[in-house]
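# Remarks on the overall topology
If you want the building blocks of each chain, they are given just below.
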Amino acid sequence: MNKIGVIFDLDGVIVDTAKYHFLAWKGVANHLGFEFTEAHNELLKGVSRVRSLEILLDIGKVKLSEAKKQEFLISKNEEYLKYITKMGPEEILPGASKLLDTLDELGIQYVLGSASKNAPLILRQVNLYERFIGIVDGNSVSKAKPDPEVFLIGAKKLNLKPEHCVVFEDAIAGIDAANTAHMISIGIGDKQTLSNADFNFKNLTEITSDFIKSLIKKTQTIKQK
Ligand code: BG6
Ligand code: MG
């Protein structure tokens with residue numbers, strides 16, 4: 001069967017929320033008395049909320065009790081939500097809506113595979129929630145990317161073998177997760193950073209219908225092996 005399904009990461013692929021995560025984490029760092037730069041923020045892409053706090057505390061060389069860590073996780077998210085709840089469809093990244101249209105035309109189903117616990121809210125804010133046949137988010141997994149769990153659950157929702165799933169990702173941890181799951185990994189963003197991906201594109205505007213069709217052919221070849 002020449003069937004493929006697509007799993008989309010959310011942050012950095014469909015919407016640019018990294019800038020809001022940055023502002024919220026910067027607030028935590030400043031409160032704790034150290035600087036948090038955009039370069040530091042790169043380290044948090046694709047990483048779970050809890051792991052993000054650990055990385056941030058390492059940067060500031062700050063040690064906190066578990067109770068304090070919980071407090072900061074809550075206050076960071078409250079701050080982040082202030083930005084998220086103001087988002088609208090104009091914040092959908094270039095090419096994303098058109099790619100969903102192309103997939104619809106080709107009869108290819110897609111699900112979300114995100115580390116974010118706020119993913120359903122964000123998708124609703126930008127009016128894309130209803131378009132996905134399934135949502136796998138930070139609430140549905142026990143292991144964060146680069147563990148493949150999030151994408152393997154996505155493949156189940158698509159009712160497809162992992163080899164027939166195509167993952168769009170902007171983070172190294174996500175590309176590694178897709179590769180470990182034996183899925184086709186597509187890196188969106190800097191080619192050097194995402195050099196482990198099977199294919200690389202700067203952004204979703206570069207994804208054509210012909211490219212998607214070539215992926216269908218590719219999965220047929222895999223099957224014949
Ligand atoms: C990922 C982001 O999609 O979600 C990370 O790339 C973020 O930067 C993670 O830490 C968790 O997000 P949230 O919304 O659950 O805090
Ligand atoms: Mg991402």
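Residues numbered from 1 in each chain as written. Chains lettered and ligands numbered in written order. Predicted model: local features only at pLDDT ≥ 70, side-chain atom pairs only at ≥ 80, totals over all residues. Heavy atoms only, no water.

## Considerations on the overall build of the protein
Applied cut-off: The numbering of helices and of strands both runs from the N terminus, where a helix is a DSSP run of H or I of at least 4 residues and a strand a run of E of at least 2. In this description the radius of gyration comes from C-alpha coordinates, and the expected globular size is given by 2.2 Å times residues to the power 0.38. Each residue is placed in one exposure class: buried if its accessible area under a 1.4 Å probe, protein chains only, is under 20% of its type's maximum, exposed if it is over 50%, and partly exposed if it falls in between. We call two residues contacting when some pair of their heavy atoms lies within 4.5 Å.
Helices and strands together make up the secondary structure of the protein, namely 9 helices and 6 strands. The C-alpha atoms of the protein give 18 Å as radius of gyration, which agrees with the globular expectation for 225 residues (17 Å, within 12%). Expressed as lengths along the three principal axes of its C-alpha atoms, the size of the protein is roughly 55 × 35 × 30 Å. Out of the 225 residues belonging to the protein, those deemed buried represent 48%. Of the contacts made within the protein by residues no fewer than 6 positions apart, 61% connect residues no fewer than 24 positions apart.

## Some words on the side chain of Asn118
Within the fold, Asn118 resides in the loop between β2 (110-113) and α6 (119-125). Sequence-distant contacts of Asn118, that is, excluding residues within four places in its chain, are made with Arg49, Asn77, Tyr80 and Leu81.

## Thoughts on the site of ligand 1
Short version of the rule: We call a residue near a molecule or strand whenever a single non-hydrogen atom of that residue lies within 4 Å of it. N or O atoms within 3.5 Å of each other form a polar contact, as long as, within protein, one can give a hydrogen and the other can take it, and as long as residues adjacent in sequence are counted only when both atoms are side-chain atoms. The Shrake-Rupley method, run with a 1.4 Å probe, gives the accessible areas here. Residue values count only the displayed protein chains as cover. Lys, Arg, Asp and Glu make up the charged group, whereas Ala, Val, Leu, Ile, Met, Phe, Trp, Tyr, Cys and Pro make up the nonpolar group; the residues left over, Gly among them, are polar.
Near ligand 1, the surroundings consist of 15 residues, among which Asp11, Val47, Ser116, Lys117 and Asn118 are the closest. Within the contact set of ligand 1, an oxygen atom lies 2.8 Å away from a side-chain nitrogen or oxygen of Arg49. The side chain of Ser116 places a nitrogen or oxygen atom 2.6 Å from an oxygen atom of ligand 1. About the coverage of ligand 1: the protein hides 96% of its 390 Å² of free accessible area. Split by residue class, the shell around ligand 1 holds 4 nonpolar, 7 polar and 4 charged.

## Focus on the pattern of salt bridges
Stated precisely, the cut-off is as follows: Salt bridges are defined as contacts in which a side-chain nitrogen from Lys or Arg sits within 4 Å of a carboxyl oxygen from Asp or Glu.
Enumeration over the complete set of coordinates arrives at 12 salt bridges. Across the pair Arg131 and Asp101 runs a salt bridge whose closest N-O atoms are separated by 2.9 Å. You can see Arg131 sitting in the loop between α6 and β3 (134-136) and its partner Asp101 sitting in helix α5 (residues 96-106), a full 30 residues away along the chain. It is possible to trace a salt-bridge network through shared partners that takes in Asp9, Lys145 and Glu169.

## Quick notes on the domain arrangement of the protein
Let me state the cut-off plainly: An automatic or database domain assignment supplies the start and end points of every domain. When two parts are brought into contact, each loses some accessible area as probed by a 1.4 Å sphere; the total of that loss over both is the buried area.
The domain boundaries assigned to the protein delineate domain 1 (5-16 + 90-218) and domain 2 (18-84). Relative placement of domain 1 and domain 2: their C-alpha centres are 25 Å apart. In this assembly, 13 residues from domain 1 lie in contact with 12 residues from domain 2. Summing both partners gives a buried area of about 1,000 Å² for domain 1 against domain 2, and 50% of it is carried by carbon and sulfur. Together, Asp16, Glu91 and Asn118 form the three largest contributors to the area buried by domain 1 at its contact with domain 2, with a combined 40%. Our count for the domain 1 to domain 2 interface comes out at 2 salt bridges.

## Digging into the side chain of Asp170
Cut-off, in case you're wondering: Neither His nor the chain ends contribute to the count of charged residues, in which Lys and Arg are positive and Asp and Glu negative.
Tracing the backbone through its elements, the reader meets Asp170 in the loop between β4 (165-169) and α8 (172-180). Despite being buried, Asp170 has no salt bridge partner; Lys45 is the closest side chain of opposite charge, sitting 5.0 Å away. Not counting residues up to four positions away in its chain, the partners in contact with Asp170 are Asp9, Asp11, Gly12, Val13, Lys45, Ile188 and Leu194.

## Some thoughts on α5
Structural remark: α-helix, 3.6 residues per turn; residues separated by three or four positions point the same way. Filter applied, for reference: For this quantity, the arc is that covered by the directions from the helix axis to the C-beta atoms.
All buried positions along α5 are accounted for by Ala96, Leu99, Leu100, Thr102 and Leu103. One face of α5 carries all of its buried residues, which in axial projection span an arc of 155°. Exposed and facing more than 90 degrees away from the buried side of α5 are Lys98 and Glu105. Looking one or two places after α5, you find Gly107, whose phi comes out positive at around 70°.

## Focus: the coordination of the magnesium ion (ligand 2)
What counts here: Sites may look incomplete, because water is not among the atoms used; the donor set itself consists of N, O and S atoms within 2.8 Å of the metal (3.2 Å for Na, K and Ca).
Around the magnesium ion (ligand 2), the protein supplies Asp9 (OD), Asp11 (O) and Asp170 (OD) as donor atoms, at distances of 2.0 to 2.1 Å. Donor residues binding the magnesium ion (ligand 2) come from one chain and are separated in sequence as D-x1-D-x158-D. Placement of Asp11 in the loop between β1 (5-8) and α1 (18-32) and of Asp170 in the loop between β4 and α8 is noted, with a sequence separation of 159 residues between them. For the pair formed by Asp11 and Asp170, the shared burial category is buried.

## Quick look at the sheet that holds strand β6 (residues 199-201)
Sheet strands pair via backbone hydrogen bonds, and the direction of the pair is either parallel or antiparallel. This is how the line gets drawn: For two strands to pair, DSSP has to find at least two bridges joining them. Where helices are involved, their axes are fitted lines through C-alpha atoms of the stretch in contact, as for all axes, and angles between N-to-C directions lie from 0 to 180°.
With parallel pairing, the 6 strands of this open sheet are ordered in space as β3-β2-β1-β4-β5-β6. Here the strands that pair on one side only, and so sit at the sheet edges, are β3 and β6. Neighbour-to-neighbour, the strand axes of this sheet turn through a mean angle of 20°, independent of strand direction. As paired strands, strand β5 (residues 184-188) and β6 are joined by 3 bridges and run parallel to one another.

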